[in-house]
Amino acid sequence: MHEEHPRQIGVGMRNIKTALAATLCAFLYLLIDRNPTFACIGAIFGMGYDMGNSWLNGGNRLFGTIIGGFIAMALFSLYLRFVPDGSMQPLMLPFLFVGVVVLIVACQVCRWPGGIQPGGVILCILLFSQPVDSYIPYSLNRMFDTGVGVLIAMGVNLLLPRERVLRWMNVFHRKHKA
């Protein structure tokens, strides 16, 4: 049995930076009259405790969304040749099976296994819930929105690294103590 270390619960720097990145996404999308949901999700997934962690988390989300989106578009397009109305039929099951296998292999080949889960999400959404006339724009929009969110999270993390914020806090405390 391992000994548990007490965890500190509270609002830390990563919490604030994550909230800031999501809020910046929502604000930007408000300005352009576009739904911010997936950009905000990208920002939340893309925030890490440092740039390396942000790159890993955000990269997983973005890479998975892109690769899963392209695989899903290709498979759905092929599926429509057999079922032109795109209705859910048992024939969709082999397409899902092939899609998941291709997704996992693609993520392995690219050495990005963290893309499997977000790629699987977009794959399932496209195969099972998108109308025939909107599956391509939906996919492209999810890729774009996720990219915006991840980039904003990385930008916030780049502009507000832990060391810089700690220096600012120390300066602030010294000025207000005196």
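In the block above lies the structure referred to throughout.
Visitor: Where do I start with the overall build of the chain in this structure?
Guide: Along its length, the chain carries seven helices and zero strands. Here the chain has a C-alpha radius of gyration of 20 Å; the compact-globule value for 178 residues is 16 Å, and the former is much larger. The dimensions of the chain, computed from C-alpha atoms along their principal axes, are 75 × 50 × 25 Å. A buried classification covers 38% of the 178 residues belonging to the chain.

Visitor: Where do I start with a nonpolar patch on the surface in this structure?
Guide: Together, Phe-97, Val-98, Val-101, Val-102, Val-105 and Val-109 make up an exposed nonpolar region whose accessible area comes to about 530 Å². The residue Val-109 is located in helix 4 (residues 92-109) in this model.

Visitor: Help me understand the packing of aromatic side chains, please; the structure alone is not making it clear to me.
Guide: Two aromatic rings are characterised by how far apart their centres lie and by the angle between their planes. Within this structure, the stated rule accounts for seven aromatic pairs. For the ring pair Phe-63 and Trp-112, a centre distance of 5.3 Å and an interplane angle of 10 degrees mean the geometry is stacked. One end of the pair, Phe-63, is in helix 3 (residues 51-82); the other, Trp-112, is in the loop between helix 4 and helix 5 (116-129), and 49 residues separate them in sequence. Using a relative accessible area of 19% as the deciding quantity, one classes Phe-63 as buried. Linked through ring pairs, Phe-76, Tyr-79, Phe-82, Phe-95 and Tyr-135 together constitute an aromatic cluster. It is Arg-61 that lies over the ring of Phe-45; its NZ or CZ is 4.5 Å from the centre. When the ring centre of Tyr-138 is taken as origin, the NZ or CZ atom of Arg-142, which lies over that ring, is 4.7 Å away.

Visitor: Quick question: what am I supposed to make of the pattern of salt bridges here?
Guide: Where charged atoms of side chains with opposite charge meet at close range, the side chains can pair. For the structure on display, the rule yields two salt bridges. Of the charged contacts in the structure, one is a salt bridge between Arg-34 and Asp-145, with a shortest N-O distance of 2.9 Å. Taken as a pair, Arg-34 in the loop between helix 1 (13-31) and helix 2 (37-46) and Asp-145 in helix 6 (residues 135-159) lie far apart in primary sequence, 111 residues in all. Residue Arg-34 is classed as partly exposed on the basis of its relative accessible area of 28%. Of the charged contacts in the structure, one is a salt bridge between Arg-142 and Asp-145, with a shortest N-O distance of 2.6 Å. Of this pair, Arg-142 and Asp-145 both sit in helix 6, three residues apart, which is roughly one turn of that helix. Take Arg-142: its relative accessible area is 11%, and that puts it in the buried class. Using a relative accessible area of 0% as the deciding quantity, one classes Asp-145 as buried.

Visitor: Which parts of the structure should I look at to understand the packing of helix 3 against helix 4?
Guide: Two measures define how a pair of helices packs: the angle their axes make with one another and the distance between the axes. For the pair helix 3 and helix 4, the least separation of the axes is 10 Å and the interaxial angle reads 150 degrees. Between helix 3 and helix 4, the interaxial angle falls into the category roughly antiparallel. Crossing hand, helix 3 versus helix 4: right-handed. Contacts between helix 3 and helix 4 involve Phe-63, Ile-67, Gly-68, Ile-71, Leu-75, Phe-76, Leu-78, Tyr-79 and Phe-82 from the first element and Met-92, Phe-95, Val-98, Gly-99, Val-102, Leu-103, Ala-106 and Cys-107 from the second. Considered class by class, the residues forming the contact of helix 3 with helix 4 number 15 nonpolar, two polar and no charged.

Visitor: Would you take a moment to explain unusual backbone geometry for this structure?
Guide: Of all residues except glycine, most have a negative phi; of all peptide bonds, most are trans. Positive phi outside glycine occurs at Asp-33, with the angle close to 55 degrees. You can see Asp-33 is positioned in the loop between helix 1 and helix 2. Positive phi outside glycine occurs at Arg-111, with the angle close to 55 degrees. Along the chain, Arg-111 falls in the loop between helix 4 and helix 5. Residue Arg-111 is classed as exposed on the basis of its relative accessible area of 74%.

Calculation rules
- Residues numbered from 1 in each chain as written.
- Predicted model: local features only at pLDDT ≥ 70, side-chain atom pairs only at ≥ 80, totals over all residues.
- Heavy atoms only, no water.
- Helix = DSSP H or I, 4+ residues; strand = E, 2+ residues; numbered from the N terminus.
- Rg over C-alpha atoms; globule rule 2.2 N^0.38 Å.
- Buried < 20%, exposed > 50% of the residue type's maximum accessible area, 1.4 Å probe, protein only.
- Patch = residues over 30% accessible without salt bridge, like charges linked within 9 Å, V, L, I, M, F, W, Y side chains within 5 Å.
- Areas by Shrake-Rupley, 256 points an atom, 1.4 Å probe, with all protein chains shown as cover.
- Salt bridge = Lys/Arg side-chain N within 4 Å of Asp/Glu carboxyl O.
- Phe/Tyr/Trp six-rings, centres within 6.5 Å; stacked < 30°, edge-to-face > 60°.
- Lys NZ or Arg CZ within 6 Å of the ring centre and 35° of its normal.
- Axes fitted to C-alpha atoms, helices over the stretch in contact; angles between N-to-C directions.
- Parallel < 35°, antiparallel > 145°, perpendicular 65-115°, else oblique.
- Left-handed = near helix turned anticlockwise from the far one by under 90°.
- Contact = heavy atoms within 4.5 Å.
- Nonpolar A, V, L, I, M, F, W, Y, C, P; charged D, E, K, R; others polar.

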